[in-house]
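Summary of structural features
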Amino acid sequence: GGAERGRRWRREPRRLTFARAYIDVDHSPYGSTGIILNRTQSWTLAKHCPEVKHDNLYWSLLSEEIVGVGGPVGLEHSSDRSVIALTTKEQIGMTEEVIPGIYRVINLDQLAKLNAKLSGPDTLRPDDLTLFVGYSGWSPGQLQSEVDAGFWTLASASGTYVRDCTFKSVMDTIVEPTTGKRVP
């Protein structure tokens, strides 16, 4: 059977780049793309993407957010750089639901411009977003071949599970044993 949208993929530890990775995947006739949910270098968006504008308060706040490493594609050059934002909150016209309870920001620049002027319970704040730089990609049929070869384990995705395995949630649960303080 073919790979499906809304599934969570767990990489078996056979290739270092993706060992123990949890990936949310989309498919098209051109191939499959996904983001690694549980990887970070504890870098801010500003460090990963120094080209990010700071032309309003929203972007300034976003630039200080810790970002995940979504994959090896779109990391190297600013002209190719990819920034993906996920959230558990819907903002009409700005997000699309990718699995129940998890939304992807359609256009981060438009969201930042709009929300720099808005406030209220239906407005996404920078800290409502989980940001990823880069993504993972496969040519048509490549991901299915890797599944068939046993490189990936397929599991149903739920919004709660995806939220709980993102690097942001994992980071919030890591504490220094002697002090009890969260480890950045």
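Here, the structure is the one placed above.
Residues numbered from 1 in each chain as written. Predicted model: local features only at pLDDT ≥ 70, side-chain atom pairs only at ≥ 80, totals over all residues. Heavy atoms only, no water.

Thoughts on the layout of surface pockets
- Put simply, the largest pocket is a space of about 240 Å³.
- Lining the largest pocket are 15 residues, and of these Thr 87, Thr 88, Asp 128, Thr 130 and Arg 163 sit closest to its centre.
- Among the secondary structure elements, those contributing two or more residues to the lining of the largest pocket are strand E6 (83-87), strand E9 (129-133), helix H5 (159-165) and helix H6 (167-173).
- Split into classes, the residues belonging to the lining of the largest pocket amount to four nonpolar, five polar and six charged.
- Reported here for the second largest pocket is a volume of approximately 210 Å³.
- Lining of the second largest pocket is provided by twelve residues; of these, Gln 41, Val 69, Gly 71, Pro 72 and Leu 75 occupy positions nearest its centre. (1 Å grid on protein atoms, 1.4 Å probe; cavity = no way out; pocket = protein on both sides within 12 Å on 5 of 7 lines; lining within 4 Å. Points joined across faces, edges and corners; volume = space filled by probe spheres on them. Helix = DSSP H or I, 4+ residues; strand = E, 2+ residues; numbered from the N terminus. Nonpolar A, V, L, I, M, F, W, Y, C, P; charged D, E, K, R; others polar.)

Overview of the packing of aromatic side chains
- A full pass over the atoms with the stated rule returns one aromatic pair.
- Aromatic side chains Trp 138 and Trp 152 sit 6.0 Å apart centroid to centroid with 80 degrees between the ring planes, which places their arrangement in the edge-to-face category. Residue Trp 138 is found in strand E10 (residues 136-138), and its partner Trp 152 is found in strand E11 (residues 152-156); the two are separated by 14 residues along the sequence. Like Trp 152, Trp 138 is buried. (Phe/Tyr/Trp six-rings, centres within 6.5 Å; stacked < 30°, edge-to-face > 60°. Buried < 20%, exposed > 50% of the residue type's maximum accessible area, 1.4 Å probe, protein only.)

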